[in-house]
Amino acid sequence: MTWHWTGLAFFSLTLLPAGLALVTGRIPHRLRHRLAPMRPRGWALLGLYSAAPLNTIPRLAEAPPATIVVATAAAAVLAAAGCTYAALAPHRTRNAAQ
């Protein structure tokens, strides 16, 4: 149980604020050129972050095994979608600019 709380706290303190900052566009001006497609990268980070609560909360609530499996599968799908979106975001903006 301690590892679940630790993981949830860690990802809530790192990925959640970074993803929300990128989605809303509130990042320092000196980093804007490095994080060129800000909103897509923000949504990708939020997709990756969603895996943490989806895996942790049902386990901490001692939900039935079927619920835990469904939540874990949903977390895997969202994390994979976030990774794919993060990988494709720079290519989409580069092609749109040409």
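Everything that follows concerns the structure shown earlier in this document.
Bear in mind the structure is a predicted one, so any value in this text is a computation, not a measurement.

J.: Explain the overall build of the chain residue by residue, including any values.
T.: The number of helices and strands found in the chain is 4 helices and 0 strands. The order of helices and strands in the chain, counted from the N terminus, is α-α-α-α. Looking at the chain as a whole, 30% of its 98 residues qualify as buried. The contacts in the chain between residues at least 6 apart in sequence include a share of 58% that link residues at least 24 apart. For the chain, the computed accessible surface area is about 6,500 Å², with 70% contributed by carbon and sulfur atoms.

J.: If you had to explain unusual backbone geometry to someone new, which residues and values would you point to?
T.: With phi around 55°, Glu62 is a residue other than glycine that occupies positive phi space. Structurally, Glu62 is set in the loop between helix H3 (51-60) and helix H4 (65-97).

J.: Quick rundown of the packing of helix H1 (residues 2-24) against H3? Include the residues and the values.
T.: Remark: H1 packs on H3, axes separated minimally by 10 Å, with the N-to-C direction vectors making an angle of 150°. Our pair here, H1 against H3, has a crossing hand that is left-handed. Between H1, through His4, Trp5, Leu8 and Phe11, and H3, the contact on the second element is made entirely by Ala52, Pro53, Thr56, Arg59 and Leu60. Within the contact of H1 with H3, the residues separate by chemical class into 6 nonpolar, 2 polar and 1 charged.

J.: Tell me about H3, and name the residues and values.
T.: Buried residues of H3: Ala51, Ala52, Pro53, Thr56 and Pro58, and no others. Residue Glu62 follows H3 closely and has a positive phi angle near 55°.

J.: Now, about the side chain of Thr56: what can you tell me, with residues and values included?
T.: Looking at the secondary structure, you find Thr56 in helix H3. Here Ala52 takes part through its backbone oxygen, which lies 2.8 Å from a polar atom of the side chain of Thr56. In this structure Thr56 touches His4 and Leu8, once residues within four positions along its chain are discounted.

J.: Let's hear about the packing of H1 against helix H2 (residues 38-49): which residues, and what values?
T.: The geometry of H1 relative to H2 is characterised by a closest axis approach of 7 Å and an angle of 155° between their N-to-C directions. Classed by the angle they form, the pair H1 and H2 counts as roughly antiparallel. The two elements H1 and H2 meet at a crossing, and its hand is left-handed. Within the contact between the two elements, H1 uses Phe11, Ser12, Leu15, Leu16, Ala18, Gly19, Leu20, Leu22 and Val23 and H2 uses Met38, Arg39, Arg41, Gly42, Trp43, Leu45, Leu46, Leu48 and Tyr49. The residue makeup of the contact of H1 with H2, split by class, is 13 nonpolar, 3 polar and 2 charged.

Each value, and the rule that gives it
- Residues numbered from 1 in each chain as written.
- Predicted model: local features only at pLDDT ≥ 70, side-chain atom pairs only at ≥ 80, totals over all residues.
- Heavy atoms only, no water.
- Helix = DSSP H or I, 4+ residues; strand = E, 2+ residues; numbered from the N terminus.
- Buried < 20%, exposed > 50% of the residue type's maximum accessible area, 1.4 Å probe, protein only.
- Contact = heavy atoms within 4.5 Å.
- Areas by Shrake-Rupley, 256 points an atom, 1.4 Å probe, with all protein chains shown as cover.
- Axes fitted to C-alpha atoms, helices over the stretch in contact; angles between N-to-C directions.
- Left-handed = near helix turned anticlockwise from the far one by under 90°.
- Nonpolar A, V, L, I, M, F, W, Y, C, P; charged D, E, K, R; others polar.
- Polar contact = N/O pair within 3.5 Å; in protein donor to acceptor, adjacent residues only side chain to side chain.
- Parallel < 35°, antiparallel > 145°, perpendicular 65-115°, else oblique.

Distances and angles like these do not, on their own, reveal function.
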